[in-house]
Amino acid sequence: MTDLNKIRNFSIVAHIDHGKSTLADRLIQETGTVAGRDMKEQLLDSMDIERERGITIKANTVRIDYQADDGEKYVLNLIDTPGHVDFAYEVSRSMRAVEGSLLVVDSTQGVEAQTLANVYHAIDADHEIVPVLNKIDLPASDCDRVAEQIEDVIGIDATDAIQVSAKTGQGIHETLEAIVTHLPAPTGTLDAPLKAMLVDSWYDSYLGVIVLVRIMDGVLKKGDRIRMMQNGSIHHVDRIGVFRPQMEMITELGPGEIGFLTASIKQVRDTRVGDTITHEKKPCETPLEGFKPSQPVVFCGLFPVDSAEFEDLRDAIEKLALNDASFSHEMETSAALGFGFRCGFLGLLHLEVIRDRIEREYNIELITTAPSVIYHIYMRDGSMIELHNPADMPDLTHVDHLEEPRIKATILVPDEYLGDVLKLCQDRRGIQEDLTYAGSRAMVVYDLPLNEVVFDFYDRLKSVTKGYASFDYQMIGYRQDYLVKMSILVNDEPVDALSTMVHRDRAEMRGRAMVEKLKDLIPRHMFKIPIQAAIGGKVIARETLSAMRKDVTAKCYGGDMTRKKKLLEKQKAGKKKMRQFGKVDIPQEAFISALKLDN
Amino acid sequence: MPSPNWSRAVLPDDWQQGGFGLYLHWPFCQAKCPYCDFNSHVAQHIDQTRWLNAYLAEIDRYAAQTRGRILTSVFFGGGTPSLMDPDVVAAIIARIKSHWPTANDFEITLEANPTSVEAGRFSGYAQAGVSRVSMGIQSLNNRDLQKLGRRHTVEEAYKAFDIARNHFDRVSFDLIYARQDQTLPEWKRELTQALDLAIDHLSLYQLTIEQGTAFGDRYAIGKLRGLPADSLAADMYDATQDICGAAGLSAYEVSNHAKDGAESRHNLIYWRYGDFIGIGPGAHGRLTQNGIRYATDTVHNPAIWLAQAEEHGGELSRTAIDPVDQAGEYLMMGLRLSEGIDTDRYAALAGEGLDPQSLQHLQDIGMIEALGRRIQTTPKGRLLLNAVLETLLAG
Ligand SMILES: Nc1nc2c(ncn2[C@@H]2O[C@H](COP(=O)(O)OP(=O)(O)OP(=O)(O)O)[C@@H](O)[C@H]2O)c(=O)[nH]1
Ligand SMILES: C[S@@+](CC[C@H](N)C(=O)[O-])C[C@H]1O[C@@H](n2cnc3c(N)ncnc32)[C@H](O)[C@@H]1O
Ligand code: SF4
Ligand SMILES: [Mg+2]
């Protein structure tokens with residue numbers, strides 16, 4: 001157990017790619033937590049997808065021992081957090097487990113949208129904030145300008161901001177000292193009943209469910225019988241440990257400490273993040289406040305390309321769900337695609353991550369249908385239906401009106417791209433709420449419909465601003481609008497997996513864009529194929545994919561028979577990546593690509 | 001108790017519906033054409049006696065396995081078989097005739113390049129027993145012959161053709177169209193000229209860019225310009241059907257035209273999915289033994305094949321073909337022919353008939369026609385044969 005005064009708990013937060021994980025590397029290395037030969041870049045990003053994409057998806061906790069300049073030994077618990085807006089939930093709950101934050105700002109870029117969002121979370125969590133200006137090794141680094149921005153835009157004192165290069169290690173010692181001197185020690189009572197925060201939990205194939213805890217009061221020991229206060233379940237603690245960053249078993253955790261326990265818990269579902277853990281026998285009186293559960297906001301259907309793989313898909317989805325409480329799933333049947341799952345995600349990146357993992361770790365090729373948000377459908381009889389799938393849109397004669405989710409989007413952008421950003425937001429039915437300046441950068445706040453943002457808004461934003469804009473959003477509630485279901489007919493048959501909800505005023509434009517895209521995405525067939533967009537029975541856009549005319553081997557004699565057969569087999573394998581709708585083969589990527597708007 | 005022979009008489013081996021031929025591959029050419037991916041090589045010195053002996057040894061080996069069968073045809077293909085010594089060709093034909101009884105309409109074809117050198121050997125081939133010559137004229141204009149890397153002129157080709165006519169009853173020739181920078185009117189004109197020359201058989205191939213050829217390499221780096229788009233190529237194909245049809249030489253196969261009865265017997269064996277022996281480097285065969293149909297193949301490299309054929313035999317492998325795969329091969333080959341396939345024969349091999357829904361769909365969109373026990377591709381369907389096959393073989 002560690003003396004409370006010698007503990008510092010903090011999260012590392014920043015806009016995406018500003019260097020959180022690299023800074024964590026240096027802190028781990030400088031304190032000798034991991035031997036030099038075992039070091040690698042972004043050590044904590046251990047998932048394949050994290051390493052491939054170079055981003056953090058899951059928050060990671062590490063315990064570091066640090067001998068400070070004052071001669072004392074400290075225990076530092078750092079939590080490296082993800083920067084992408086889809087995983088904002090990970091950041092905010094991590095912050096609840098610690099007393100301070102290192103706010104990393106890339107000194108070549110300055111304050112970005114998630115920098116702001118994270119500061120608000122940190123302030124909400126009553127954190128001490130230590131600003132860290134990173135990447136000072138780069139020629140484009142401009143610490144003075146960025147410090148000024150921090151003061152102007154965020155309104156926190158940046159005179160003590162530490163100048164760091166997480167790459168070269170410059171400023172790392174100063175960072176460690178600032179952690180010890182500027183951040184508060186945790187508080188807590190040693191002899192009070194156990195009160196621990198369930199910060200996170202995940203499934204490990206060897207140890208079962210691993211529960212990350214922060215002890216507020218009391219002591220948690222190996223062998224204890226604990227109670228999860230929300231569901232009342234009782235467990236027997238069989239292991240206690242800390243991450244360094246690999247697991248190290250210890251015997252007890254005291255107030256202010258962060259570590260993990262295992263207790264033969266089979267499913268992540270049996271643990272609720274934000275729950276309070278106490279002793280079965282001598283429980284604490286009041287539980288901690290708990291977290292707001294994370295809500296999936298984007299829904300889409302996942303279907304196996306090969307319908308025989310449905311059971312494998314079920315298995316894969318259930319296993320992934322074990323580990324990711326923010327991902328929801330239920331069975332879905334589609335007229336065209338057969339059996340699959342309708343899944344809910346925190347955002348498009350989250351969707352892509354899950355989809356990639358199913359395809360790669362479980363080797364199942366997937367068709368992903370058009371992503372949708374949740375609409376509220378108010379029926380004539382006064383009831384309300386949540387619509388997760390446009391294919392389920394009820395008969396309009398029973399519908400009174402529709403409401404759609406709206407968000408508040410904050411965008412930071414250099415002045416010269418402001419015009420393009422405003423146009424983009426306007427095109428996406430946005431309502432401007434605020435426009436302020438910080439130096440040469442504008443900060444715009446827009447009220448936007450989530451369905452206009454979910455899909456490709458971020459890509460578009462990046463492309464119209466050459467990557468210089470940053471973006472963050474929050475859900476703000478539902479509002480009524482004139483929304484309709486747009487169906488796509490391929491060869492005169494509706495393809496339910498391509499149905500989308502659109503605003504009536506934008507329907508023609510969207511319809512035209514979709515049928516044009518589909519015309520490029522669907523390969524030519526032996527016959528011509530009409531592709532239409534329709535609202536109810538009314539066709540609003542139409543394209544015709546002309547017929548293929550030549551596909552034959554000119555010369556084929558005895559000797560070519562074997563070769564020719566191989567060629568046909570290859571063609572057949574290519575066709576496996578497509579699904580048949582009536583007589584038309586649609587490639588698996590078409591369902592998503594058809595929705596991408598070029599303007 | 002019926003004898004095995006009796007049961008075979010009632011239920012003939014499938015190959016008998018296609019005939020039995022012998023293909024002999026001569027792998028040498030004077031020069032390599034830039035579009036050609038056949039197993040053809042340019043060699044400094046060719047010991048024709050060694051090659052003859054190797055061919056004879058192979059012929060003897062296969063004869064021992066197919067005693068009593070009636071031989072429908074022999075095909076000397078290449079490469080450029082018209083570089084073979086007429087004596088070598090004569091000895092081969094004599095050996096073949098000593099082993100197998102031959103059909104009434106027995107046919108021996110030899111592929112020839114249309115140059116004066118080769119024309120000089122035509123009388124020798126005729127004496128050796130060659131009954132049919134197929135000449136690679138390729139184009140009737142010198143500009144395009146040059147682009148195709150051919151070593152002869154149109155005038156030479158006409159002369160060679162004339163000489164061939166004097167020696168053989170049956171002379172056919174090949175043209176390659178849908179060439180670089182070719183227009184539809186140009187092709188129509190050229191084809192009309194070709195029909196003036198043609199006797200009763202003509203092969204008209206659309207230029208295919210094959211990987212691993214000089215054209216293929218140029219194409220891969222975007223340097224082979226002026227190739228017709230698929231739609232123009234399709235227009236050329238359609239025009240070819242019309243013009244040849246009007247001249248009485250309608251298509252009996254995707255790229256082959258003939259007057260009734262003038263079809264290449266040998267090539268019909270392939271398309272009717274009969275049995276054929278393949279001798280020579282890179283030659284393939286289909287051979288039924290004790291009710292099992294095998295695919296045979298050989299070493300590609302001429303020198304290695306020669307050494308192996310001399311020593312123990314040039315066959316590289318012999319693989320049994322599953323009846324379902326045989327059905328696929330039959331379909332693939334048979335639908336190239338305008339006569340189409342016999343659905344009962346297909347079903348006997350496949351164990352089940354073709355999917356009625358796919359058939360109906362292909363009929364609805366005008367790709368095939370069903371006539372009693374036969375299904376046939378329409379001219380439109382023939383030009384889309386790969387897609388048609390994909391539909392029929394899907395699942
Ligand atoms: N030159 C330089 N590059 C740095 C420095 N710190 C980080 N980087 C680079 O910046 C990129 C992003 O670094 P990460 O540490 O993955 O950033 P992150 O904030 O953890 O990113 P997310 O977890 O995706 O939000 C990587 O290519 C790092 O190598 C630095 O001090 N100097
Ligand atoms: C194997 S070649 C042998 C004939 C002979 N060596 C000659 O070139 O005249 C048979 C025929 O195939 C055709 N051919 C070869 N390569 C081709 C290609 N890439 N595209 C279209 N036809 C081709 C030519 O018409 C050629 O005459
Ligand atoms: S086209 Fe004929 S001559 Fe030319 S390389 Fe091929 S086989 Fe030889
Ligand atoms: Mg990171």
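For every chain, the first residue of its written sequence is number 1, and the numbers climb from 1 along that sequence. Just so you know, chain letters begin at A and ligand numbers begin at 1, following the order they were written in. For a predicted model such as this one, the threshold for reporting local features is a pLDDT of at least 70, and the threshold for listing and counting side-chain atom pairs is 80 or more; totals across whole chains, interfaces and linings nevertheless cover every residue.

A short note on the overall build of chain A
Item 1. Scanning chain A from terminus to terminus reveals 14 helices and 33 strands.
Item 2. Restricting the calculation to C-alpha atoms gives the radius of gyration, and the globule rule supplies 2.2 Å times the number of residues raised to the power 0.38. Scaling as 2.2 N^0.38, a compact globule of 599 residues should have a C-alpha radius of gyration of about 25 Å, and chain A matches this with 27 Å.
Item 3. In terms of overall dimensions, chain A has a C-alpha envelope of 85 × 70 × 55 Å along the principal axes.
Item 4. Here, residue contact means that the backbone-derived C-beta atoms of the two residues sit within 7 Å. Put simply, 70% of the contacts in chain A that link residues at least 6 apart link residues at least 24 apart. Numbering goes from the N terminus for both helices and strands, where a helix is a DSSP run of H or I of at least four residues and a strand is a run of E of at least two.

Describing the environment of B:Ala128
Residue and element names in this part refer to chain B.
Item 1. Assignment of secondary structure puts Ala128 in helix 5 (residues 122–128).
Item 2. With C-beta atoms placed from the backbone, the exposure class of a residue follows from how many other C-beta atoms lie within 10 Å of its own: 20 or more, buried; 12 or fewer, exposed; in between, partly exposed. Owing to 21 C-beta atoms within 10 Å, Ala128 belongs among the buried residues under this scheme.
Item 3. The spatial distance from the C-alpha of Ala128 to the C-alpha of Val254 is 31 Å, given a sequence separation of 126 residues.
Item 4. The residues touching Ala128, leaving out its near neighbours within four places in the chain, are Pro86, Val89, Ala90 and Ile93.

Details of the nonpolar core
Item 1. Nonpolar cores are identified as sets of buried Ala, Val, Leu, Ile, Met, Phe, Trp, Tyr and Cys residues joined via C-beta atoms within 7 Å. Counting residues in hydrophobic clusters, the biggest one holds 158 residues, and the most contacted among them are A:Leu103, A:Val132 and A:Val213.
Item 2. A total of 7 residues in this core trace back to one element, the largest contributor, which is strand 8 (residues 208–217) of chain A.
Item 3. Non-local contacts of A:Leu103, meaning those with residues more than four positions away in its chain, are made with A:Val13, A:Ala14, A:Asn118, A:Val119, A:Ile129, A:Val130, A:Pro131 and A:Val132.
Item 4. Counting 100 residues, the second largest nonpolar core, distinct from the first, contains B:Ala54, B:Ala112, B:Ala258 and B:Leu335.

Observations concerning the sheet that holds strand 14 (residues 368–371) of chain B
All names here are of chain B.
Item 1. Two strands are counted as paired when DSSP detects at least two bridges linking them. Pairing is antiparallel in the open sheet, where 3 strands are placed in the order 13-15-14. Unpaired on one side and paired on the other, strand 13 (341–342) and strand 14 mark the two borders of the sheet.
Item 2. With 4 bridges joining them, strand 14 and strand 15 (residues 374–377) adopt antiparallel strand pairing. Residue Glu369 lies in a different strand from strand 15, and its bridge partner there is Gln376.
Item 3. Helix-sheet contacts for helix 15 (residues 356–364) involve strand 14 and strand 15, and the interaxial angle to strand 14 is about 115°. Axes, fitted as lines to C-alpha atoms, cover a helix only where it is in contact. Angles between the N-to-C directions of the axes lie from 0 to 180 degrees.

Points about the sheet that holds strand 6 (residues 162–163) of chain A
Whenever strands of a sheet pair, they do so through backbone hydrogen bonds, lying parallel or antiparallel.
All names here are of chain A.
Item 1. As summarised here, the arrangement of the 6 strands in space is 2-3-1-4-5-6, forming an open sheet in which the pairing is mixed. Looking along the sheet, the strands with just one partner apiece sit at the ends: strand 2 (60–67) and strand 6.
Item 2. Bridge count for strand 4 (residues 100–106) against strand 5 (residues 128–134) is 7 bridges, and the pairing is parallel. Its bridge partner lying in strand 5, Val104 is registered against Val132.
Item 3. Strands in contact with helix 1 (residues 20–30) are strand 1 (7–14), strand 2, strand 3 (73–80), strand 4 and strand 5; relative to strand 3, the strand with the most contacts, it is inclined by about 160°.

Digging into the site of ligand 2
Item 1. Around ligand 2, 17 residues are found, and the nearest of them are B:Tyr35, B:Gly136, B:Asp174, B:Tyr205 and B:Thr208.
Item 2. Each residue gets a C-beta atom placed from its backbone. Should that atom fall within 6 Å of a molecule or strand, the residue is termed near it. This site is not confined to one chain, since residues near ligand 2 come from chains A and B.
Item 3. Of all the elements in the fold, those that place two or more residues in the shell around ligand 2 are strand 4 (132–138) and strand 5 (170–177) of chain B.
Item 4. Gly counts as polar in this scheme, as do all residues outside two lists: the nonpolar Ala, Val, Leu, Ile, Met, Phe, Trp, Tyr, Cys and Pro, and the charged Asp, Glu, Lys and Arg. Partitioning the shell around ligand 2 into residue classes produces 7 nonpolar, 6 polar and 4 charged.

Quick notes on the environment of B:Thr153
Residues and elements named next belong to chain B.
Item 1. Relative to the helices and strands, Thr153 resides in the loop between helix 6 (142–147) and helix 7 (154–167).
Item 2. Residue classification places Thr153 among the partly exposed positions, given that 15 C-beta atoms sit within 10 Å.
Item 3. Through-space distance from the C-alpha of Thr153 to that of Ser250 is 28 Å; in sequence the pair is 97 residues apart.

A word on helix 12 (residues 302–311) of chain B
Residues and elements named next belong to chain B.
Item 1. Those residues of helix 12 that fall on the buried side of the exposure criterion are Pro302, Trp305, Leu306 and Ala309. Projected down its long axis, helix 12 carries its buried residues within an arc of 100°, all on one side. Of the residues in helix 12, the exposed ones pointing more than 90 degrees away from the buried face are Ala303 and Glu311.
Item 2. For helix 12, the elements touching its buried residues are helix 2 (48–65) and strand 11 (292–298).
Item 3. Gly313 sits one or two positions beyond helix 12 and adopts a positive phi of about 135°. It is the directions from the helix axis to the C-beta atoms whose arc is reported.

Concerning the interface of chain A and chain B
Item 1. Facing the 22 residues of chain A at the interface are 36 residues of chain B.
Item 2. Residues that form the side of chain A that touches chain B fall into these classes: 9 nonpolar, 4 polar and 9 charged.

Concerning the site of ligand 1
Item 1. Around ligand 1 sit 21 residues, and of these A:Gly19, A:Ser21, A:Ile55, A:Thr56 and A:Gly83 come closest.
Item 2. By residue class, the composition of the shell around ligand 1 is 6 nonpolar, 10 polar and 5 charged.

Regarding the pairing of strand 10 (residues 285–289) of chain B
All names here are of chain B.
Item 1. Across 5 bridges, the pairing between strand 10 and strand 11 is antiparallel. The residue of strand 11 that forms the bridge with Thr288 is Arg293.
Item 2. In textbook terms, the turn of a hairpin is the stretch between consecutive antiparallel strands, and for strand 10 and strand 11 this stretch comprises 2 residues, one of which, Asn290, has a positive phi near 50°.

Notes on the packing of helix 2 of chain B against helix 3 (residues 86–99) of chain B
All names here are of chain B.
Item 1. In the contact formed by helix 2 and helix 3, the axes pass within 10 Å of each other and the chain directions differ by 10°. Compared by their axis directions, helix 2 and helix 3 come out roughly parallel. Considering how the two elements wind past one another, helix 2 and helix 3 form a crossing that is right-handed. Counted together, Gln48, Leu52, Tyr55, Leu56, Ile59 and Ala63 of helix 2 and Val88, Ala91, Ile92, Arg95, Ile96 and His99 of helix 3 form the full contact between these two elements. Orientation labels follow simple angle bins: below 35 degrees gives roughly parallel, above 145 gives roughly antiparallel, 65 to 115 gives roughly perpendicular, and whatever is left gives oblique. Crossing chirality is assigned from the near helix's rotation relative to the far helix, an anticlockwise turn below a right angle marking it left-handed and a clockwise turn marking it right-handed.

Considering the UniProt feature "domain: Tr-type G" (unreviewed entry) in chain A
Item 1. UniProt positions are given in the numbering used here, feature names are shortened, and annotations may be inferred rather than shown by experiment. The positions that UniProt labels "domain: Tr-type G" (unreviewed entry) are, in the present scheme, residues 5–187 of chain A.
Item 2. A helix fraction of 33% and a strand fraction of 22% characterise residues 5–187 of chain A, whose end C-alpha atoms lie 8 Å from each other.

Here's the deal with the UniProt feature "binding site: GTP" (unreviewed entry) in chain A
Residues and elements named next belong to chain A.
Item 1. The feature "binding site: GTP" (unreviewed entry), as given by UniProt, occupies Asp17, His18, Gly19, Lys20, Ser21, Thr22, Asn134, Lys135, Ile136 and Asp137 in the numbering adopted here.
Item 2. By the C-beta count within 10 Å, which is 29 here, His18 ends up buried.
Item 3. When sequence neighbours within four positions are dropped, the list of residues in contact with His18 reads Gly83, Val104, Val105, Asp106, Gln109 and Asn134.
Item 4. Once residues lying within four places of it in the same chain are set aside, the contact partners of Thr22 are Glu41, Gln42, Ala166 and Lys167.

Concerning the pairing of strand 13 (residues 247–250) of chain A
Item 1. Two strands pair when backbone bridges link them, and strand 12 (residues 239–243) of chain A and strand 13 of chain A are joined in this way by 4 bridges, in the antiparallel orientation. Paired with A:Ile240 across the two strands is A:Ile250, which belongs to strand 13 of chain A.

Topic: the domain arrangement of chain A
Item 1. On domain assignment, one finds that chain A holds domain 1 (4–182), domain 2 (195–279), domain 3 (298–369), domain 4 (376–480) and domain 5 (506–595).
Item 2. The gap between the C-alpha centroids of domain 2 of chain A and domain 5 of chain A is 53 Å. Domain boundaries shown here were taken from an automatic or database domain assignment.

Describing the packing of helix 9 (residues 418–427) of chain A against helix 11 (residues 457–464) of chain A
How two helices pack is summed up by the angle between their axes together with the distance between the axes.
Residues and elements named next belong to chain A.
Item 1. Contact geometry of helix 9 with helix 11 gives a least axis separation of 9 Å together with a crossing angle of 155°. By the angle between their axes, helix 9 is roughly antiparallel relative to helix 11. For the pair helix 9 and helix 11, the sense of crossing is right-handed. Of the residues in helix 11, those touching helix 9 at Asp420, Val421 and Leu424 are Arg460, Leu461 and Val464.

Quick word on unusual backbone geometry
The phi angle of most residues is negative, glycine excepted, and most peptide bonds adopt the trans form.
Item 1. Following A:Arg244, the chain continues to A:Pro245 via a peptide bond in cis, the omega torsion being -15°.
Item 2. Relative to the elements of secondary structure, A:Pro245 occurs in the loop between strand 12 and strand 13.
Item 3. Looking along the chain, the bond that leaves B:Gly78 and enters B:Gly79 is cis, with omega of 15°.
Item 4. Checked against the element boundaries, B:Gly79 lands in the loop between strand 2 (71–78) and helix 3.
Item 5. Positive phi values are uncommon outside glycine, yet A:Asp17 reaches one of about 70°.
Item 6. The topology assignment puts A:Asp17 in the loop between strand 1 and helix 1.

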